[in-house]
Amino acid sequence: SITEITKNVLNIEDKDSIPKELVYSVTPPSNGHLALKMSPNKHILNFTQFHINNGQLVFVHNGAMSGGFNFQVTDGLNFTPRQIFTITAAALVINMETNNGLRVFPGMLQFINSQHLKAVTN
């Protein structure tokens with residue numbers, strides 16, 4: 001699954017730097033990879049607070065349910081201490097909400113829609 005990483009869960013501010021200047025360097029995540037939304041299959045290990053603020057950073061889950069990555073942020077002059085970002089995937093649950101069947105006559109074309117068959121996930 002692919003999940004956006006928002007500034008509500010990963011955010012740093014520096015009074016004398018703009019978000020484009022705040023660069024994260026990360027270790028490869030243990031249960032997936034980080035990517036930009038426009039290229040979800042391209043693994044990245046560096047991104048900026050600007051990417052996060054603008055909804056461009058995603059985590060692509062693959063593997064264990066629990067994991068994460070280590071990261072450090074720089075404004076080009078100073079570095080934060082290394083931090084840990086933990087990621088826990090939720091199990092996907094699929095439930096059938098509607099399963100009403102479909103009646104058709106021989107030679108008849110009938111579309112199946114959500115009134116006939118519908119599944120929902122958590």
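Residues numbered from 1 in each chain as written. Predicted model: local features only at pLDDT ≥ 70, side-chain atom pairs only at ≥ 80, totals over all residues. Heavy atoms only, no water.

## A word on the pairing of strand β5 (residues 57–61)
Counting buried residues in β5 gives 5 out of 5 residues, a clear majority hidden from the surface. With burial as the criterion, each face of β5 is covered, one bearing Leu57, Phe59 and His61 and the other bearing Val58 and Val60. Of the strand pairs in this sheet, strand β1 (residues 2–4) and β5 are connected by 3 bridges, and their pairing is antiparallel. Within β5, the residue paired with Glu4 across the bridge is Val58. Here 5 bridges tie strand β3 (residues 32–36) to β5, and the two strands are oriented antiparallel to one another. What sits directly across from Ala35, in β5, is Val58. (Buried < 20%, exposed > 50% of the residue type's maximum accessible area, 1.4 Å probe, protein only. Helix = DSSP H or I, 4+ residues; strand = E, 2+ residues; numbered from the N terminus. Pairing = 2+ DSSP bridges.)

## Focus: the sheet that holds β3
One open sheet holds the 3 strands; their spatial order is β1-β5-β3, and the pairing between them is antiparallel. In this open sheet, the two strands that pair with only one neighbour each are β1 and β3. Within the sheet, the average angular offset between the axes of one strand and its neighbour, ignoring direction, is 30 degrees. (Axes fitted to C-alpha atoms, helices over the stretch in contact; angles between N-to-C directions.)

## With respect to a nonpolar patch on the surface
Among the surface-exposed residues, Met96, Leu102, Val104, Phe105, Met108, Ile112 and Leu117 lie close enough to one another that they form a single nonpolar patch of about 710 Å² accessible area. In this structure, Met108 sits in the loop between β8 (94–99) and β9 (117–121). (Patch = residues over 30% accessible without salt bridge, like charges linked within 9 Å, V, L, I, M, F, W, Y side chains within 5 Å. Areas by Shrake-Rupley, 256 points an atom, 1.4 Å probe, with all protein chains shown as cover. Salt bridge = Lys/Arg side-chain N within 4 Å of Asp/Glu carboxyl O.)

## Concerning the pattern of salt bridges
Scanning the entire structure with this criterion turns up 2 salt bridges. Linking Glu4 and Lys37 is a salt bridge whose minimum nitrogen-to-oxygen distance equals 3.0 Å. Here Glu4, found in strand β1, pairs with Lys37, found in the loop between β3 and β4 (46–48); they are 33 residues apart in sequence, far enough to count as distant. Among the ionic pairs, Glu97 bridges to Lys118, the shortest N-O distance being 3.3 Å. In this pair, Glu97 sits in strand β8 while Lys118 sits in strand β9, placing the two residues 21 residues apart along the sequence. A residue is classified by how much of its surface remains accessible, and Lys118, at 34% relative accessible area, is partly exposed.

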